[in-house]
Amino acid sequence: MDKNVDLFKPLREIQFVDRDKVKPNDYNPNKVLEKNLKLLMQSILTNGFCFPIVVRSDFTIIDGFHRWLVSGREPLKSMLGNKIPVVVVAHKDESQDMYGTVTFNRARGTHMLEPMENIVKSLLEKGKSVAEISKEIGMSEEEIFRLSKIDREEFLKLMTKRTQRFSKAQIIRRCT
C-alpha cells in the first residue's frame, strides 16, 4: 500500500457539472424500488446533496446512479439548477471501476433490527407522529408498528393523535 496516496484528492477536486454530462454505467448490479427512490429524493430535500456522485474521467458513473437519477426529477432538477456534485476517480481500467461500484454498494451494509427498533422508539418518545416518521425514513405504518413494540391499542392511539392543536370550541345546544 502506497502511503503517499492522497486519499482526499477526489474531494479536493469536487466539481459541479450539468447533470446531462454524466451517464450511467452498463453494469450496475444495484436495483432500487420506486418507494426507495422517493425516500432518496426526500433525503436530499431534507438534508441537501451530501454525497457527490463518483465518476470516471469520461463522466460515467461509478457510484451514485440513484442520486443522479432522482436529481433529474422535479423538484430536485429545478432546485439544483440541473447541476450535480461529482468527484472524478482515476482508475487504471474498467475492472477497477466495476470493483468500485460493487464495493461502494456492499460497504453501505444493511440496517440491523435492534438499532432500527431503538430509533423508532426514540422518535415516538420524542413526540414524532407516525406519519412524520413514515415520510422521513420511508417506512410503512405497519413497519413502524412492528419496530415500535407497542401494543396495538396504544399504537392506534398514536396513529389518530393529532399533531396540530386546535382551540377548544364551545358547544352550542340548539333547543327546538
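The preceding data block contains the structure.
Conventions adopted
Residues numbered from 1 in each chain as written. Predicted model: local features only at pLDDT ≥ 70, side-chain atom pairs only at ≥ 80, totals over all residues. Heavy atoms only, no water. Helix = DSSP H or I, 4+ residues; strand = E, 2+ residues; numbered from the N terminus. Contact = heavy atoms within 4.5 Å. Areas by Shrake-Rupley, 256 points an atom, 1.4 Å probe, with all protein chains shown as cover. Core = buried A, V, L, I, M, F, W, Y, C linked by side-chain atoms within 4.5 Å. Buried < 20%, exposed > 50% of the residue type's maximum accessible area, 1.4 Å probe, protein only. Pairing = 2+ DSSP bridges.

What follows concerns the overall build of the chain. Within the chain, the regular secondary structure consists of nine helices and four strands. For the chain, the N- to C-terminal ordering of α and β elements is α-β-α-β-β-α-α-β-α-α-α-α-α. Across the chain, contacts joining residues at least 24 apart in sequence account for 77% of those joining residues at least 6 apart. Roughly 13,100 Å² of accessible area belongs to the chain as shown, and the carbon and sulfur atoms make up 55% of that amount.

With that settled, the discussion passes to the nonpolar core. In terms of nonpolar packing, the biggest core is built from 15 residues, with Val22, Ile53, Val55, Ile84 and Val86 touching the most fellow members. Per-element tally for this core: the top contributor is helix α2 (residues 34-47), with three residues. Once you skip the residues sitting within four places of it in the chain, Val22 turns out to touch Val17, Val55, Phe59, Ile61, Trp68, Ile84 and Val86.

Here we come to the pairing of strand β4 (residues 83-88). Two faces make up the sheet, and in a regular strand the side chains alternate between them. Direction of pairing for strand β1 (residues 15-18) relative to β4: antiparallel, over a ladder of four bridges. Bridge assignment links Val17 to a residue of β4, and that residue is Ile84. As defined by bridge partners, strand β2 (residues 53-55) adjoins β4 across three bridges and the pair is classed as parallel. Bridge pairing in β4 places Ile53 opposite Val86.

Worth remembering: the numbers are spatial, not functional.
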